[in-house]
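The chain contents come next:
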Amino acid sequence: MVRASVLFLICMLCPALAIAQDTTPPSPITTLEVTTGKSTMVVAWQNTGDDGTTGNAELYEVRRSSSSITDRESADLVASGSAGSTGSWTCTDYSSLSCSSPFYVTVFLRDEAGNWSSLGTVLYRPTQGCNTSEEVICFNLLRTPRGASERTSKAEPTELIWPSA
Ligand SMILES: [Ca+2]
């Protein structure tokens with residue numbers, strides 16, 4: 001009985017055990033926004049949480065594939081980073097893509113216990129034509145509530161693109 005009590009107290013102080021008991025993954029990302037330029041893409045999403053939409057997830061992964069995406073392993077890892085707080089928008093941009101090339105893209109979130117969100121929205125987008133100079137970047141995230149992106153040309157910014165709802 002004494003031994004059981006000691007073990008119980010040790011476990012009360014053992015955060016790893018608390019993490020191991022977390023079996024609830026982040027909710028899938030269903031707010032994905034993707035815009036493209038000639039060789040660039042902007043990927044933006046609203047973060048879910050650690051458990052569904054509660055708490056904060058730990059990590060995001062952007063994954064991309066030339067063929068249909070059915071799960072994490074079926075697409076190439078483009079980038080990963082710290083997940084934003086639940087409800088916040090994260091915007092990431094990428095360059096060096098091939099022009100006029102369609103692809104599928106999606107985002108997964110992982111909690112600190114290693115639970116991955118299931119497949120959410122997958123978008124199919126082409127990069128812009130090879131004869132254009134239009135590119136896209138994440139724009140002004142701190143001053144807008146959405147993952148707005150700016151479509152630019154070599155000469156000057158031309159048009160502010162707000163991802164559709
Ligand atoms: Ca969780």
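Scroll up for the structure.
Source: prediction; values computed, not measured. (Residues numbered from 1 in each chain as written. Predicted model: local features only at pLDDT ≥ 70, side-chain atom pairs only at ≥ 80, totals over all residues.)

Enquirer: Can you tell me about the sheet that holds strand β5 (residues 89–94), naming the residues and giving the values?
Expert: Pairing within the open sheet is antiparallel, and its three strands lie in the order β1-β2-β5. What marks the edges here is a single partner per strand, and that holds for β1 (33–36) and β5. Taking each pair of neighbouring strands and ignoring which way they run, the sheet shows an average axis angle of 15 degrees. For β1 and strand β2 (residues 41–46), the ladder comprises four bridges, and the chain directions are antiparallel. Bridged to Thr36 within β2 is Met41. (Pairing = 2+ DSSP bridges. Helix = DSSP H or I, 4+ residues; strand = E, 2+ residues; numbered from the N terminus. Axes fitted to C-alpha atoms, helices over the stretch in contact; angles between N-to-C directions.)

Enquirer: Quick rundown of the pairing of β2? Include the residues and the values.
Expert: By the criterion of burial, β2 is predominantly enclosed, with five of the six residues buried. Between the antiparallel neighbours β1 and β2 lie four residues. The sheet contact formed by β2 and β5 spans six bridges and is antiparallel. Paired with Trp45 across the two strands is Thr90, which belongs to β5. (Buried ≥ 20, exposed ≤ 12 C-beta atoms within 10 Å, placed from the backbone.)

Enquirer: Provide a residue-level description of the nonpolar core, including the pertinent values.
Expert: The nonpolar side chains of a soluble globular protein tend to be buried with one another. Ranked by internal contacts, the top residues of the largest apolar core, which has 19 residues, are Val34, Val42, Val43, Val107 and Leu109. Excluding residues within four positions of it along the chain, Leu109 makes contact with Pro26, Ile29, Asn47, Thr48, Ala57, Tyr60, Ala83 and Ser117. (Core = buried A, V, L, I, M, F, W, Y, C linked by C-beta atoms within 7 Å. Contact = placed C-beta atoms within 7 Å.)

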